[in-house]
Amino acid sequence: MAYEKRTFDIPELEGISKKSIDEHIGLYEGYVKNFNAISALLPEYAKDSEKHAHALSELIRRKSFEFDGMRLHELYFEQFESGAKTLDENSNLGKVFKDEYHGFFNEYFKAIGSMRGPGWAMLYWDPVGKQFQAGFVGEQHQGHFVALPVILALDVWEHAFLLDHGAQGKGKYIEAFFKNLNWNTVEKRFDAVSA
Ligand SMILES: [Fe+2]
């Protein structure tokens, strides 16, 4: 069954223009479309896997790129819905953050987002080890922490900031991201996986 593209109710943001968001959502829709297109082609090629070996392997390789691009952008855009909300220090997330990051989380996450190359700054929660894992995902699909639920996803591809802040504007964009972030959405994600 094909995946449906989602819509997002994003208010006016500070430092991230509507035009940038609209174009970015267009890119997101491309991931949904391409994932569906690959999924539809695979059975055809698999019927004669020897003849189509190279095409088949390329499609299979690209599948997680498209899927992760689709899912990561959904996580990203929903973080702006309902407007900016600060982190509640008395929420479960706020309390664990205080113990683990002692107030330097935003700086740490900004450092991850500032790493060179297209990708994502990511925060996951490990329900087994009862700890956060933060890291950099290259492109859409390289370097994920296997099976860990995503708590926060920050797109740091150039397309996320080029229009508003120029090619060297990643730092300003990351500041704008935090300014517009609805921490309540992030708190709810943490509640759902840490109970
Ligand atoms: Fe993106």
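Scroll up to find the structure.
One structure accompanies this document, and this report is about it. (Residues numbered from 1 in each chain as written. Predicted model: local features only at pLDDT ≥ 70, side-chain atom pairs only at ≥ 80, totals over all residues. Heavy atoms only, no water.)

**Overview of the coordination of the iron ion**
Working step 1: Surrounding the iron ion are the protein donor atoms His24 (NE2), His73 (NE2), Asp155 (OD) and His159 (NE2), at 1.9 to 2.2 Å.
Working step 2: Each of the four donor atoms around the iron ion contributes to a set of angles spanning 87 to 145 degrees, which defines the coordination as irregular. (Donors = N, O, S within 2.8 Å, 3.2 Å for Na, K, Ca; no water. Tetrahedral: all angles 85-135°; square planar, octahedral: opposite > 155°, others 65-115°.)

**Topic: the pairing of strand E2 (residues 131–138)**
Working step 1: Most of E2 sits inside the fold, with six of its eight residues counted as buried.
Working step 2: Direction of pairing for strand E1 (residues 119–126) relative to E2: antiparallel, over a ladder of eight bridges. Within E2, the position partnered with tryptophan 125 by the bridge is phenylalanine 132.
Working step 3: Counting the residues that bridge the hairpin from E1 to E2 gives four residues, and of these lysine 130 lies at a positive phi of roughly 50 degrees. (Buried < 20%, exposed > 50% of the residue type's maximum accessible area, 1.4 Å probe, protein only. Helix = DSSP H or I, 4+ residues; strand = E, 2+ residues; numbered from the N terminus. Pairing = 2+ DSSP bridges.)

**Focus on the layout of surface pockets**
One way to see where empty space is left: roll a probe the size of a water molecule over the atoms.
Working step 1: Here the largest pocket defines a volume of roughly 330 Å³.
Working step 2: Lining the largest pocket are 18 residues, with Leu87, Phe97, Gly103, Asn106 and Trp183 sitting closest to its centre.
Working step 3: Elements with a minimum of two residues in the lining of the largest pocket: helix H3 (92–101), helix H4 (105–113) and helix H6 (170–180).
Working step 4: Broken down by element, the residue count for the lining of the largest pocket peaks at four residues, all from H3. (1 Å grid on protein atoms, 1.4 Å probe; cavity = no way out; pocket = protein on both sides within 12 Å on 5 of 7 lines; lining within 4 Å. Points joined across faces, edges and corners; volume = space filled by probe spheres on them.)

**Description of H6**
Working step 1: When we look at burial in H6, the residues that qualify are Lys170, Tyr173, Ile174, Ala176, Phe177, Phe178 and Asn180.
Working step 2: Lining the buried residues of H6 we find helix H2 (53–78), H4, strand E3 (150–155), helix H5 (162–165) and helix H7 (183–194). (Contact = heavy atoms within 4.5 Å.)

**Let's talk about the sheet that holds E3**
Adjacent strands of a sheet form backbone hydrogen bonds with each other and so pair up, either parallel or antiparallel.
Working step 1: Taken together, three strands build an open sheet; the order of strands is E2-E1-E3 and the sheet is antiparallel. The open sheet terminates on both sides in strands that have one partner only, identified here as E2 and E3. The average angle at which neighbouring strand axes cross in this sheet is 15 degrees, direction not considered.
Working step 2: Across the sheet, H4 lies against E1, E2 and E3, angled at about 135 degrees from E1, the strand it touches most. (Axes fitted to C-alpha atoms, helices over the stretch in contact; angles between N-to-C directions.)

**Section: the side chain of histidine 73**
Working step 1: Secondary-structure assignment places histidine 73 in helix H2.
Working step 2: Within polar-contact distance, the side chain of histidine 73 engages the side chain of aspartate 155 at 3.0 Å. (Polar contact = N/O pair within 3.5 Å; in protein donor to acceptor, adjacent residues only side chain to side chain.)

**Some thoughts on the environment of aspartate 164**
Working step 1: The topology assignment puts aspartate 164 in helix H5.
Working step 2: We classify aspartate 164 as partly exposed; its relative accessible area is 27%.
Working step 3: Considering only alpha carbons, one finds aspartate 164 and isoleucine 16, 148 residues apart in sequence, at a separation of 6.5 Å.
Working step 4: Among residues more than four places away in sequence, those in contact with aspartate 164 are Gly15, Ile16, Ser17 and Ser20.
Working step 5: Only 2.7 Å separates the side chain of aspartate 164 from the side chain of serine 17, close enough to count as a polar contact.

**With respect to the nonpolar core**
Working step 1: Ranked by size, the top nonpolar core spans 51 residues in total, and within it Phe105, Phe109, Leu123, Leu152, Tyr173 and Trp183 carry the most contacts.
Working step 2: Leaving out residues up to four positions away in the same chain, tryptophan 183 has contacts with Lys85, Thr86, Leu87, Leu93, Phe97, Phe105, Asn106, Leu152 and Phe178. (Core = buried A, V, L, I, M, F, W, Y, C linked by side-chain atoms within 4.5 Å.)

**Focus on the environment of lysine 95**
Working step 1: Checked against the element boundaries, lysine 95 lands in helix H3.
Working step 2: Taking the C-alpha atoms as reference points, lysine 95 and glutamine 131, 36 residues apart in sequence, are found 13 Å from one another.
Working step 3: In contact with lysine 95, other than residues within four places in its own chain, are Glu89 and Asn90.

**As for the pattern of salt bridges**
Working step 1: A full pass over the atoms with the stated rule returns ten salt bridges.
Working step 2: As a salt-bridge pair, glutamate 14 and lysine 179 come within 3.8 Å of each other at their nearest N and O atoms. Of this pair, glutamate 14 sits in the segment before helix H1 (18–46) while lysine 179 sits in helix H6, and the two are 165 residues apart along the sequence.
Working step 3: Beyond isolated ion pairs, a larger network of salt bridges with shared partners links Arg6, Glu78 and Arg189. (Salt bridge = Lys/Arg side-chain N within 4 Å of Asp/Glu carboxyl O.)

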